[in-house]
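Coordinate inspection notes
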Amino acid sequence: MIGEGLFISLHLSNAMQVVMLGLIGGTLSGFIGSGGAFFMTPGMMNLGVPGVVAVGSNITHKFGKALMGSKKHGELGHVDKKLGLFMLLTAFIGIRIAVWVNSTLFQLGNDSHGGSGGSAMGDLYISCVFIGILLIVSIMILIDAFKKRDQGEGPSTKLAEFCAKLNLPPFIKFTVADVKVSFWILSIIGLATGYLAGTIGVGGFIGVPAMIYVFGIPTAVAAGTELFLAMFMGAWGAINYAWAGYVDLRLILLMYLGSLVGIYVGAYGTKVVKEKIIRIVTGLIIFLCVISRGIAVPMYLRKLGYITIDQSWDTVFNGISKGFLYAAGISGFVVILSAVIKAYYRRMKIQASLPTIHT
Amino acid sequence: MGLITISRGTFSGCEKFAELLSKKLGYKLVNREDITEKTRLSGIPVEKLEQAVLKPPAATQRLGRLSEIYLANMRQLLCSHILKDKVIYNGHTGHMLLSGIPNILRIRVLGDMEFRIRAVESRLKLDRDKAKEFINNIDNERDRWTHFLYGINWKDPIHYDFTINLTEIPIERAVDSLSAYANTDEFRLTQESKKAIGNLMLASYARVLIGMDSRTRDADVKITADDGLVNVTYPPQQANLVPHVYDVLKNLDGCREVNCTIASTNILWIQEMFDEKSEIFHNVLAVARKWDAAVEMLRWECITGQANDIENNQGRQDSDKISDFDTYDPHTSKVRDMLIKEGHAGGCTTIKGSYENIYSAIHHPEQYSLIVVDNLFLSKSESARKRLTREFKGALSDLFHLSVVESNELKKQMTLSFKDKFIFIGRLSAAIILFLLVFLNQESVLTFMADESYKNWRIVSILGLVLFVPVFAYTFASTMKTILKIFRID
């Protein structure tokens, strides 16, 4: 490792694994519309990258991608900049708090009692937040996917209606999104989005559903505005983590080699796969990622001296955790790729067998 | 055949105006409420749609498919009236139901606030404050409803030919003035308009049938009709619905053929004359194959209504005769048939009208990835044609936020010019250099970015990071895009 245990030594094998992480993360990102951090952050931690560096590098990687994606959404009129700027006010505070917590825990881990802490304290904290939040997200996505919907029905507005009934002035009107939202609810959501983005590098899974279900915003505007937010949150997160010295530029470049290719595959996959299947695949992948992180937790507990198990078990736990993660990512990648190929042959078959019908 | 649409404000005196105008002209009066009731009776849950739109927070994406079916049913019912009689439609922006149909007389009727408050106080027996609140609520609801359905501000005078304030003008005088205008050639529906209305009715009815059948109700389809040929475009994810679509539409009155096209996206192709032997047809088809797109053909002859435009004025005077711009053109039909054979047909529409007619004919611009324009303004000189085409392209791009290209630009999109190759090599080199810069100096870079000894230089390293990362992302992403283009999988 270079730099007091912060940065791993890169050789061809683990460099290719980082590129693969980027490729799979990018494919999933293009497919489900999130940044892919839910896969890439734990993936890097499995390679031995300290959690705080994994989050810092990922948030910087997200910044570059979001900068390009936001321009396109802006041209389509999907960005409510006023809403984005209001959320940014508290999101920035959330990120700052998250960076401080992660940095402090990383430092504390080096002073931990019992076993050799290292980055274990920070890794444990990041893993617990990851498991807690993404377990809820994956279950909600799966429930939503299997729920029967009325004709043409979109997302539920029960939460948005409840928040509107709370009547917490002052209210702010957003013309592009065509909603009126309480400043306090806006601030809480902004703070939560920023905190989680700064802690585990995952912002879209909180921000987009919050905008749709809590504010009642159309999905396209929520996605576009989130991308606009991600650009600034990514920049702010990158600045904060870089200031603390927790950004590995090499990992960012390697991830780009994969993610900027994978995103095309994933985006094409959305054209040929049904929305219900997209939701099921998304939910299952996230769930497997959560299990993967859960399996790694005993390692950190041992390093911090909270449990007593043989050190040789670390390799086993890490191996199984990695296995689950790659199983999640690769199976998702294979599902998308096979859907693309299947759709191609199905189209050929349909075109051959169903010409113009004379009525 | 004639058509007048009236858009009314609440309690603005419109009902009496519409009745008098109807009697004066001998037109049939069709009220929005009549058509809405028939829509409700056909099984479409109109109240559910209204509540979803009008109840805050506005869930404008809910019931998106339902709103399509609602509009299709309203359109189909209105068209069926228009094809039988001369009609006055009294409702909310009824002309938006008939986007792209020229020669409609569009009237907005309004009354000032005092006039309306007095009307509400008198008819609903409310006090002044409650009357004002009632009017404001109805106005807000109407704004939301029209914005949801058509994406417009219905009060904008740009959407009307005449705006009448019944507070200032006596109803009888307003009726007399408008009757005179209604009888001019400009507002007489032509043979082309009649055909377009027929096509619109057929496409709308097909949409309703697909939307109401339990086997196909979840289909995200785009339907156009042209002289009995119904074109249904659907996304690849819904390929399994195709056999049911044929089954649902097989007994559709007026439909002689059903053509289904799988497409992930749509290309709108606007020309005055189509030619199956032209290079642009082959370029458009190549793009359609690459993008898995349906090509919607829009044949347009622009009528600007300028006084010194002799050719156009003559055309309008002879509008009941078959003009040079014949609605049937063998080359257009040939191009359409070739697209059907290739599996990329997205329908064919013919419009003879103004710029506004063409803009309003482009419903749902978000469905298009590209607009291709060429061979327009053929009656003009070469330089005028170039200028008008350029202006038209700019207007389309500004209005719909879409990429609009001509044939020479389309060719550029298909191939890599020398300049493109040069830029590609430049970007690839830059990406490689930036990559090697970091990886050949790993330890130095990481030490500079993270080591405590360089803490005083942290601002410089952050600035470098914030500039370097997006530059590399942009450079590498652009390089990848060009590589995909070279392999024709962009």
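If you're wondering where the values come from, they're calculated on a predicted model, not measured in any experiment.

To continue, consider the packing of helix α2 (residues 32-41) of chain B against helix α4 (residues 64-84) of chain B. Residue and element names in this part refer to chain B. Two elements in contact, α2 and α4, have axes whose closest approach is 10 Å; the angle formed by their N-to-C orientations is 125°. Looking at the two axes, α2 sits oblique to α4. In this structure, α2 crosses over α4, and the sense of that crossing is right-handed. Contacts between α2 and α4 involve R32, I35, T36, K38 and T39 from the first element and Y70, N73, M74, L77, L78 and H81 from the second. Taken together, the residues that form the contact of α2 with α4 break down as 5 nonpolar, 4 polar and 2 charged.

All names here are of chain B. Overall, parallel pairing links the 5 strands, which are arranged β2-β3-β1-β4-β5 in an open sheet. Across the chains shown, the open sheet's two edge strands, defined by having one partner strand only, are β2 (28-31) and β5 (162-165). Adjacent strand axes in the sheet meet at a mean angle of 20°, parallel and antiparallel pairs treated alike. When β2 meets strand β3 (residues 87-91), the two strands line up parallel, connected through 4 bridges. In the strand pairing of β3, N31 is matched with N90. Along the sheet face, α2 touches β1 (3-8), β2 and β3 and points at about 55° away from the line of β2.

Let us look at the packing of aromatic side chains. For the structure on display, the rule yields 23 aromatic pairs over all chains. Geometrically, the ring pair formed by F183 of chain A and W184 of chain A is edge-to-face, given 5.3 Å between the ring centres and 75° between the ring planes. Measuring from centroid to centroid gives 6.0 Å for Y355 of chain B and F392 of chain B, while their planes differ by 55°, and the two rings are tilted. With Y355 of chain B in helix α13 (residues 355-361) and F392 of chain B in helix α14 (residues 382-400), this residue pair connects regions lying 37 residues apart in the sequence. Accessibility expressed as a relative area gives 22% for Y355 of chain B, which makes it partly exposed.

A negative phi holds for most residues other than glycine; trans holds for most peptide bonds. Residue and element names in this part refer to chain B. For T93, which is not a glycine, the phi torsion comes out positive at approximately 45°. Here the phi dihedral of K125 falls at roughly 55°; this positive angle occurs in a residue that is not glycine. Mapped onto the elements, K125 comes out in the loop between α5 (113-124) and α6 (128-150).

Residues and elements named next belong to chain B. The strand order across the open sheet formed by 5 strands is β11-β10-β9-β12-β13, and the pairing between neighbours is parallel. Sheet topology places β11 (345-353) and β13 (403-405) at the edges, where each strand pairs with a single neighbour. Averaged over neighbouring strand pairs, the angle between their axes works out to 20° when direction is ignored. Relative to strand β12 (residues 368-373), strand β9 (residues 265-271) is paired through 5 bridges, and the arrangement is parallel. Its bridge partner being in β12, N266 is matched across the sheet by Y368. Of the strands in this sheet, β9, β10 (293-302), β12 and β13 touch α14, which is tilted by about 165° from β12.

Let us now look at the side chain of H159 of chain B. Residue and element names in this part refer to chain B. Tracing the backbone shows H159 in the loop between α6 and β5. Assessed through its relative accessible area of 15%, H159 is described here as buried. Leaving out residues up to four positions away in the same chain, H159 has contacts with H95, R106, I152 and N153.

What counts and how
- Residue indices follow the written sequence of each chain, beginning from 1 at its first position.
- Both sets of labels track the order of writing: A upward for chains, 1 upward for ligands.
- Local features in this predicted model are restricted to residues of pLDDT 70 or higher, and side-chain atom pairs are both shown and tallied only at a pLDDT of 80 or more, whereas totals for entire chains, interfaces and linings draw on every residue.
- Neither water nor hydrogens contribute to the side-chain values; these are computed over all heavy atoms in the structure.
- Working convention: axes come from line fits to C-alpha atoms, limited for helices to the stretch in contact. Angles between N-to-C directions cover 0 to 180 degrees.
- The numbering of helices and of strands both runs from the N terminus, where a helix is a DSSP run of H or I of at least 4 residues and a strand a run of E of at least 2.
- By the definition adopted for this analysis, an angle is roughly parallel if under 35 degrees, roughly antiparallel if over 145, roughly perpendicular if from 65 to 115, and oblique otherwise.
- Crossing handedness follows the turn of the near helix against the far one: under a right angle anticlockwise gives a left-handed crossing, and clockwise gives a right-handed one.
- Residues count as neighbours in contact if any of their non-hydrogen atoms are within 4.5 Å of one another.
- Note that Gly is not counted as nonpolar here; it falls among the polar residues with everything else outside the nonpolar set of Ala, Val, Leu, Ile, Met, Phe, Trp, Tyr, Cys and Pro and the charged set of Asp, Glu, Lys and Arg.
- In short, DSSP must find at least two bridges between two strands for them to pair.
- Put simply, two rings from Phe, Tyr or Trp (the six-membered ring, in Trp's case) pair if the centres are within 6.5 Å, and we call them stacked under 30 degrees between planes, edge-to-face over 60, tilted for the rest.
- Buried means the residue's accessible area, taken with a 1.4 Å probe over protein chains only, is under 20% of the maximum for its type, while exposed means over 50%, and partly exposed covers the values in between.

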